[in-house]
Amino acid sequence: MARSAIFLLPLYLLSSLHPAHGYGSGAPKSQCGSLAPGHGIPAKDNSNTPYSIKLNSTQLSPGVSTEIELTHDGSDAKFKGYMVQARTDSDDSVIGAFEIISDDAQYVECGSVPQSAVTHVFSEAKESIKMKWKAPSDFTGKVKIVATFVKDYSNYWVQVPSETLEVSESTSTGIQFPTEAPSAEPEPETEPESEPESEPESEPETETELGANERHSEMHPIYKGCGKRKSCFGYPNKCLENNKCELAASWKPSGDHFEFEMYRKDGTGKYVALGFSKDSKMGDDLVLACASEKSAELYWNSGQIDPTFLSADAGIIDYKYSSEDGAIFCTMKSPSLLKSGDYSVNLNEEQTILLAGGPRIQAGKLEYHLPGKKLAAAEPVLLSLVSSAGAKSDLLVKLHGLFMLIAWLGCAGAGMIMARYFKQTWKGKQIMGADRWFQAHRLFMVTAVILSIVAVVLIVVEVGVTPLGLEHLERNAHPVIGLICVLLALVQPIMAAFRPHPGDAGRKLFNWAHWGVGNMAHVFGICAIFLAGNLAKANLSSTEWWSWVLVAYVVFHVITHLVFSLLWAKSERTQRIADQQMAEINGMNKIQNNNFGVDEKLDQEGGSFRKILFFVYFITAWVLVAVLAVAVFKAES
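Given the structure is predicted, the values throughout are model-derived calculations rather than measurements.

Draft legend 1. Seen up close, the nonpolar core. Residues Leu405, Trp408, Leu409, Phe422, Trp546 and Phe614 are the most contacted members of the largest nonpolar core, which totals 56 residues. At the level of secondary structure, the elements contributing two or more residues to this core comprise helix H2 (395-421), helix H3 (436-463), helix H4 (478-497), helix H5 (507-532), helix H6 (546-586) and helix H7 (607-634). In terms of residue count, the dominant contributor to this core is H2 (16 residues). Excluding residues within four positions of it along the chain, Trp546 makes contact with Leu405, Ile529, Phe530, Gly533, Leu540, Leu628, Ala631 and Val632.

Here's what the structure looks like:
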C-alpha cells in the first residue's frame, strides 16, 4: 500500500498542475490586446482595486505630454508587475507614445507603434511608477489610460481605467490637476472581469534580457534595454540578437537632450562613430565619435574621405569614456540641436543612422572607416522614439557582385575560348543558320554584356556615381576599373555589328581589334573583381581567401589557353602537311580557310579532346563563381 502511494504521488502532483505563465521580466507583445498575465487564475474585480492611475492633466492639446503615475490607495498594496496603454474612448484602439522616467520601466511595441505601451523590468514590489504620455499631433478626442496591476500570482487587476483624458485643439496651455484619484468604473457583480478566452495563454517569450537578474548580469551595458528602454544599432547586422557586436550604439531621449552610448569590441587606438544623415550614404553629414578619453568629438564627413574635425564640445555633457579588455565604451548627452559653426543637425527630426569604425591617428584626427566596418539603418528614424533600427538591405550590392561574377568568370572566358579554338569544330553543323561555335560565342558574350549593364544600373541606384571621383582612386580603383571593363564590353557588339565581310581588306584589322578589346575587357573585369575584396561596400575584408580563388582562376584560365594553343598548333601542323600534299596533287596555290584547304565536313584534328577540355573549363569556372557568390551573400553587413 505504501509503495502504491509513493508511486501515485508524482502522478497526483502532475495532475494538479495547470499551465500558467507569468512574466517576471515584463509583459510581452503577445499580451498587447488583453493586458492580462498568463497566471491561469481569473482577474480580480476592478471595482475593488487598491490601485489607480493619476493624471497630471485631464485636458491636453495634440502633440503635448502629460505625466502619469501608477500608484495605490495608500494601503500597503504594493504591486510587482504592470502593463499600461492609452486607448481611444471611441474604438478602444492603442494610441500615443509613452516616455519612461523610472528605471523599472521598458517599452512594448504594440501594433507596430513604438512606445505604445510600458511594462515592468523587475519583479520587486513597488509603490508607484511615473511616466509621460504624449498625444499624437494629428489626434483630437477622448482617451483613457488603462493599466494592469499585479500584486502577486493570485491577485491582479486587468485594464484598470483612468479618468477620461480629453485631447482638444481648444485646450489651454494650463495644466488641470484632478481633485482626487480617479475611481474605477464598477463592473457588474455577476460577471467579474476575467482573462479573455479569445487570447489563450501563451508560452513565455524568450526575450528575457531585461529579467530580474539583469542588474547583476555580465552583459555589457550597451546591450541592456535594447528595444525596450532605448534604441540600439549594431554591426554586423543582427548582432544584437546574440550580444556579439563589433560596433554598437544606442540612444534615447532624456528631457531636452539625447543620451548616446557607443561601443567597439576592438577599440584600442580606434574609434566608433555615429553619423546623422538624410539618406543612407555618408556625405555632407555630422558625425559624433567616441575616440577620446576626455571628450566627445564632432566631425563633418563630406564623402568617402577622412572626416574633418569640428569640435570637442558642441554642447555634449556628461561624457564618460572607459576601456576594458581592449573594448571602448562611451556615454554622453547631446542637445537636440547638435551644432558646430555652420554645421548642424536637428536630432528631433528623422535621421538615417550611420554606424562606422576605423583607426584614430591622434586627437581630432580620424581615418576613413575600415573596409566592412560600417552599417546604415534601413530607414530614417525618430531618435525620440524607442524602436528597433534595422540595417539597410545591401541586396543590390550583392546582386551587382553576383552578376559580375557570372559575366566575367562564368561567361566571358568561355565565350572567348569558343571563338578562338572551336571554328574548326562541329563543321557543317549549324543552329538557326549559324555555326555552333558562333552561336555559343554570341550567347556567352551577349549574356556577359547584359549582366554587366544590369550590374552597373544596380550599383548606381545603390551608391550613385560618387565612387567614380578621382579622390577615391587612392582608396580603391574598383569602380573606375569596373566601368572601363563595361565600356569595353559595350564596344564589342558595336564592332561586331559593323564587321567587314570575310575576305574584305579591313577584316584582318577587325579581327585583331575585336580580339584585343575583348581580352582587355576580360582583364579589367577580373581586376575589378579582385579589388572588390577590399571594397568597404562589399564587406569582404574578412574573406581572406577571396584573392586566392581569383588567382586560382587566372592560373587555370592561362593553363587552359596554353593547352588549347598547343592542340591548335599541332592540328594546324598536321593539316598544313596534308594540304601541301593535296596542293601538289591538284595544283592548288591558295585556299579559303586559314590559307589551307580543309574538308568543310570534317572537324579539325583533336575535336573530341577540345570538347572535353572546354567542358572541364566551363564546370570549373562555374564552381568558382558559385564559391565566390556564396562569399558575397554571406558577407557580414
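Next comes the rest of the description.
Draft legend 2. Representation of the pattern of salt bridges in the model. Under the definition given, this model contains ten salt bridges. Notably, a salt bridge pairs Lys252 with Glu259, separated by 3.9 Å at the nearest N-O pair. Its relative accessible area of 27% is what places Glu259 among the partly exposed residues. Note that Lys278 and Glu349 form a salt bridge whose closest N and O atoms lie 3.3 Å from each other. In this pair, Lys278 is assigned in the loop between strand S14 (270-277) and strand S15 (285-290) and Glu349 in the loop between strand S21 (343-346) and strand S22 (352-362), connecting sequence segments 71 residues apart. Taking the relative accessible area as the measure of exposure, Lys278 reaches 56% and is therefore exposed.

Draft legend 3. Geometry of the environment of Met131. Inspection of the secondary structure assignment puts Met131 in strand S8 (residues 129-134). With near-sequence residues (within four places) excluded, Met131 lies in contact with Thr66, Glu67, Ile68, Leu70, Tyr82, Val84, Phe98, Glu99, Ile100, Ile101 and Val118.

Draft legend 4. Highlighting H2. Between its first and last C-alpha, H2 extends 38 Å over 27 residues, near the 39 Å set by a 1.5 Å rise per residue. At Cys411, H2 shows its largest kink, close to 35°. Counting buried residues along H2, 23 of its 27 residues qualify, which places the element largely inside the surrounding structure.

Draft legend 5. Representation of the packing of aromatic side chains within the structure. Taken as a whole and assessed by the stated rule, the structure comprises 19 aromatic pairs. Ring geometry for Phe444 against Phe618: centres 5.7 Å apart, planes inclined by 45°, an arrangement best described as tilted. Residue Phe444 is located in helix H3, and its partner Phe618 is located in helix H7; the two are separated by 174 residues in the primary sequence. Owing to a relative accessible area of 13%, Phe444 belongs among the buried residues under this scheme.

Draft legend 6. Just H7, in detail. Taking 1.5 Å of rise per residue, 28 residues should cover 40 Å, and H7 covers 41 Å from first to last C-alpha, within 8% of that figure. Restricting attention to buried positions, one finds in H7 the residues Gly607, Arg610, Leu613, Phe614, Tyr617, Ala621, Leu624, Val625, Leu628, Ala629, Ala631 and Val632.

Draft legend 7. Focus on the packing of H2 against H3. Relative orientation of the contacting elements H2 and H3 amounts to 160°, with a least axis distance of 8 Å. One finds that H2 runs roughly antiparallel with respect to H3. Remark: the crossing between H2 and H3 carries left-handed chirality. Split into classes, the residues belonging to the contact of H2 with H3 amount to 26 nonpolar, five polar and one charged.

Draft legend 8. Examining the pairing of strand S6 (residues 106-110) more closely. The buried count for S6 comes to four of five residues, which makes it a mostly enclosed element. When S6 meets strand S7 (residues 113-119), the two strands line up antiparallel, connected through four bridges. Bridge pairing in S7 places Cys110 opposite Val113.

How each quantity is defined
- Residues numbered from 1 in each chain as written.
- Predicted model: local features only at pLDDT ≥ 70, side-chain atom pairs only at ≥ 80, totals over all residues.
- Heavy atoms only, no water.
- Core = buried A, V, L, I, M, F, W, Y, C linked by side-chain atoms within 4.5 Å.
- Buried < 20%, exposed > 50% of the residue type's maximum accessible area, 1.4 Å probe, protein only.
- Helix = DSSP H or I, 4+ residues; strand = E, 2+ residues; numbered from the N terminus.
- Contact = heavy atoms within 4.5 Å.
- Salt bridge = Lys/Arg side-chain N within 4 Å of Asp/Glu carboxyl O.
- Expected span 1.5 Å × (residues − 1).
- Bend = angle between axes of the 7 residues up to and from the residue.
- Phe/Tyr/Trp six-rings, centres within 6.5 Å; stacked < 30°, edge-to-face > 60°.
- Axes fitted to C-alpha atoms, helices over the stretch in contact; angles between N-to-C directions.
- Parallel < 35°, antiparallel > 145°, perpendicular 65-115°, else oblique.
- Left-handed = near helix turned anticlockwise from the far one by under 90°.
- Nonpolar A, V, L, I, M, F, W, Y, C, P; charged D, E, K, R; others polar.
- Pairing = 2+ DSSP bridges.

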